[in-house]
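Close look at the chain arrangement
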There are 2 protein chains.
Amino acid sequence: MTAKTKKQIVIEAAAKLFSDKGYSAASMRELAGRVGLEQASSLYNHIKSKEAALQEICFENAQKFTDGITTIESNISDPGEQIRALINLHIQVATNDITSVTVFNDEWRHLSEPQLSEFLALRKDYEERFKEIINKGIKTGTFKNINPTVALHTILSALKWIHYWYKTGRDSDLEIVKKDIMLLLMSGLSSND
Amino acid sequence: MTAKTKKQIVIEAAAKLFSDKGYSAASMRELAGRVGLEQASSLYNHIKSKEAALQEICFENAQKFTDGITTIESNISDPGEQIRALINLHIQVATNDITSVTVFNDEWRHLSEPQLSEFLALRKDYEERFKEIINKGIKTGTFKNINPTVALHTILSALKWIHYWYKTGRDSDLEIVKKDIMLLLMSGLSSND
DNA sequence: TTTAGAAACGAACGATCGTTCGTGTGCAAA
DNA sequence: TTTGCACACGAACGATCGTTCGTTTCTAAA
């Protein structure tokens, strides 16, 4: 296990700070204080700028999702199991790195060009591949005939509260939560009796 | 139809601006420009402060949800129909006032005390009442035996993308979207063949 | 036509922002 | 022991922020 570089520490603290206050309300002086530095200027020995930190966080998380869906596409063929694996991926990412996924979800819009366009392109690509799996499931009769765009966004949006839950309450076991989210999204709230 | 007061115009423009840039990144000078004023100082003839505008937006929307669930509680008794009505309420609010619901969802954390606590109490109250309906449905066998907290947050979170969709693409009919969201949340993605 | 009040203006305030730069310090290689 | 480099410091920069205040302009009632 290699030691964490100071840069990594700064980036992680930045993710937490951006998550707590939002990117614009987060100051470099507070970030310095959180990593034990007296001066904001000291940060610039480790990162290039405030926005460079945001970029690292956003693209690092984008990579996790891109890698995840690539693995799922090549190792699983049944659309139902693919969607289950995607749901699992989102829960996994959200609970493994609680703060940076918040930044990924909410603070990407403070990226400036050309990073903003690049980020949106990555997201769009991910969504298209997700939607393609839904489409395939509908065609094969595995899924209901629901508008794929609606299904895509409803599922993605539904998975966004996890990091919040994991951060605050976390009263029940993760495996139970995972199972119930799967059940709700795949089979719905209504009982079938 | 009474004319819109300048204060209302300012508040609505503030909602749009907060939605576009986030509360912290939104400046009073840009807000002034958006309502045709050359000076930010002119805004203070209509609103008390930047945060006062945020407060109005947040609590006005909280009121809509509180009023909505109160009506549903007293006019509908079947839990399944109550949840359907709640989903409908969220879609209705999100599409009727696209921008202010964004602020309600994402920017409330920039409220300062005591408004922050007051807002969180309102939200908590709403969530408890929503959860109570889920609980009732589980008890009567209308709903699956899913952890009510998980079901609550998954459904609430799932409904948050609507305003985004309504703002940007809006390629398909609202009634179709509404129907498909209902179907997905109540019966799930999997087909039952 | 006069007058009172509402609303817009423009300068200015103190505060805070991200970032730069020159300096000093301490550790590791020579 | 000397040298070089990584890193922390502290002052300072220009910019922008929300807000205040005194003044001017506009409008509608008298």
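Please refer to the structure placed before this passage.
What comes next concerns the included structure. (Residues numbered from 1 in each chain as written. Chains lettered and ligands numbered in written order. Predicted model: local features only at pLDDT ≥ 70, side-chain atom pairs only at ≥ 80, totals over all residues. Heavy atoms only, no water.)

Here we come to helix H7 (residues 148-158) of chain B. The buried count for H7(B) comes to eleven of eleven residues, which makes it a mostly enclosed element. Along H7(B), the positions that sit buried rather than exposed are Pro148(B), Thr149(B), Val150(B), Ala151(B), Leu152(B), His153(B), Thr154(B), Ile155(B), Leu156(B), Ser157(B) and Ala158(B). Contacts made by the buried residues of H7(B) are with helix H7 (148-158) and helix H9 (174-187) of chain A together with helix H4 (79-96), helix H6 (115-139) and helix H9 (174-187) of chain B. Measuring from the backbone nitrogen of Thr149(B) back to the side-chain oxygen at the start of H7(B) gives 2.9 Å, which picks out Asn147(B) as the cap. (Buried < 20%, exposed > 50% of the residue type's maximum accessible area, 1.4 Å probe, protein only. Helix = DSSP H or I, 4+ residues; strand = E, 2+ residues; numbered from the N terminus. Contact = heavy atoms within 4.5 Å. Polar contact = N/O pair within 3.5 Å; in protein donor to acceptor, adjacent residues only side chain to side chain.)

The amide bond that connects Glu113(A) to the next residue, Pro114(A), takes the cis arrangement and shows omega of 5°. Its location among the elements puts Pro114(A) in the loop between helix H5 (98-106) and helix H6 (115-139).

Close to DNA strand C lie 18 residues, the nearest being Tyr44(A), Glu38(B), Ser41(B), Asn45(B) and His46(B). Each atom of DNA strand C within 4 Å of the protein was assigned to sugar, phosphate or base; sugar and phosphate come to 50%. Of the residues belonging to the surface near DNA strand C, the class tally is five nonpolar, eight polar and five charged. (Near = heavy atom within 4 Å. Nonpolar A, V, L, I, M, F, W, Y, C, P; charged D, E, K, R; others polar.)

Quick look at the protein's contact with DNA strand D now. DNA strand D sits among 18 residues. The nearest are Ser41(A), Asn45(A), His46(A), Met28(B) and Tyr44(B). Restricting attention to atoms of DNA strand D within 4 Å of the protein, one finds that 49% of them are sugar or phosphate atoms. One of the backbone N or O atoms of Glu38(A) is found 2.8 Å from a phosphate oxygen in DNA strand D. Of the residues belonging to the surface near DNA strand D, the class tally is five nonpolar, eight polar and five charged.

Turning our eyes to something else, we now look at the relation of the copies chain A and chain B. Taken as rigid bodies, chain A and chain B are interconverted by a rotation of 180° and an axial shift of 0.0 Å, the fit giving an RMSD of 0.0 Å. In the structure described here, the two chain copies are related by an operation that fits a two-fold rotation axis. When the interface residues of chain A are mapped onto chain B, 100% of them are again interface residues, pointing to one common binding face. (Least-squares fit on C-alpha atoms with pLDDT ≥ 70 in both.)

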